[in-house]
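# An overview of the molecular structure
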Amino acid sequence: MNSVRELNTDQQHVGDTDPQQSTTTIIIIIIIIMFSWTSLLFVLCSSLTPVLCCDWLTQYAHLSNTSLNHIRRMGGQLTYQQSPVPFPDKLYRRIWMDKVESQLVFIRDSLELISDLYQHDNLSSATWDAIETEHFLTVINRQIDGLNTCVSTNSSADSRLRKYYRRLETCTVYRTGGSTASWELIRKETKLHLERLHMLVASIRRRSAATQQQL
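This text gives an overview of the structure that appears in the document. The structure presented is a predicted model; accordingly, all values stated were derived computationally and were not measured.

So, how was this worked out
Residues numbered from 1 in each chain as written. Predicted model: local features only at pLDDT ≥ 70, side-chain atom pairs only at ≥ 80, totals over all residues. Heavy atoms only, no water. Axes fitted to C-alpha atoms, helices over the stretch in contact; angles between N-to-C directions. Helix = DSSP H or I, 4+ residues; strand = E, 2+ residues; numbered from the N terminus. Parallel < 35°, antiparallel > 145°, perpendicular 65-115°, else oblique. Left-handed = near helix turned anticlockwise from the far one by under 90°. Contact = heavy atoms within 4.5 Å. Nonpolar A, V, L, I, M, F, W, Y, C, P; charged D, E, K, R; others polar. Buried < 20%, exposed > 50% of the residue type's maximum accessible area, 1.4 Å probe, protein only. 1 Å grid on protein atoms, 1.4 Å probe; cavity = no way out; pocket = protein on both sides within 12 Å on 5 of 7 lines; lining within 4 Å. Points joined across faces, edges and corners; volume = space filled by probe spheres on them.

## Focus on the packing of helix 4 (residues 100–117) against helix 5 (residues 130–147)
Close contact between helix 4 and helix 5 brings their axes to 9 Å; oriented N to C, the two are set at 150 degrees. Here helix 4 is positioned roughly antiparallel relative to helix 5, judged by the angle of their axes. Remark: the crossing between helix 4 and helix 5 carries left-handed chirality. Together, Leu 104, Ile 107, Arg 108, Leu 111, Glu 112 and Ser 115 of helix 4 and Ile 140, Asn 141, Gln 143, Ile 144 and Leu 147 of helix 5 make up the contact between the two elements. Considered class by class, the residues forming the contact of helix 4 with helix 5 number six nonpolar, three polar and two charged.

Following this line, the structure appears as structure tokens:
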């Protein structure tokens, strides 16, 4: 009888503790799931923070199209003359595969270096519409200011990118003393760069939208 009583008592204890153990197990599982989800969000946000936090990028397409329109209207037909400095396709291919923050820095730095090309003493020889030229540079500066809200202003330009623009300026404007033909080459190359940067931003936004849909 004592054995039976002890057995019943043990079963009663087991019945009493099972709900508590189940509750504890459920809580532990919930904590693990929440931790895993938080970790996933942290990883995704770490890689996409510059895009998700940069609402200004939604305006880039409009400003980019505006700057392209100004570059076309500020002068006549674009020159067919080839640039003495090859277009830096390798730089664009490399940055296309890089992380988003590096891409945004590259775009910002490219626009700054493009703007610097037009801050030249011999610009007077360019036969461009003054108002269109002024509007073009204003839009470029607006793009630069907007991108500065997305990336660190302390980030320096890629030395290879800076070297390319320095060579472009030296082999065109400086070598010819700021001739009309050299400025037309600069305008032509500017258009090519703006088009490539436009495509890069469009790619960033597509990837960002696809990632947000998965969250």
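Now that the structure is up, let's keep going.
## Observations concerning the environment of Leu 185
Here Leu 185 shows up in helix 7 (residues 180–214). The class for Leu 185 is buried, based on a relative accessible area of 5%. Spatially, the C-alpha atom of Leu 185 lies 8.7 Å from that of Tyr 80, the residues being 105 residues apart in sequence. When sequence neighbours within four positions are dropped, the list of residues in contact with Leu 185 reads Thr 79, Gln 81, Gln 82, Ser 83, Pro 84 and Thr 172.

## Some details on the layout of surface pockets
Here the largest pocket is characterised by a volume of approximately 180 Å³. Val 85, Pro 86, Pro 88, Lys 90, Leu 91, Arg 94, Arg 160, Lys 163, Tyr 164 and Arg 167 are the residues that line the largest pocket. Listed by contribution, the elements that provide at least two residues to the lining of the largest pocket are helix 3 (89–96) and helix 6 (159–176). With four residues, the single largest contributor to the lining of the largest pocket is helix 6. Along the lines of polarity and charge, the residues of the lining of the largest pocket split into five nonpolar, no polar and five charged.

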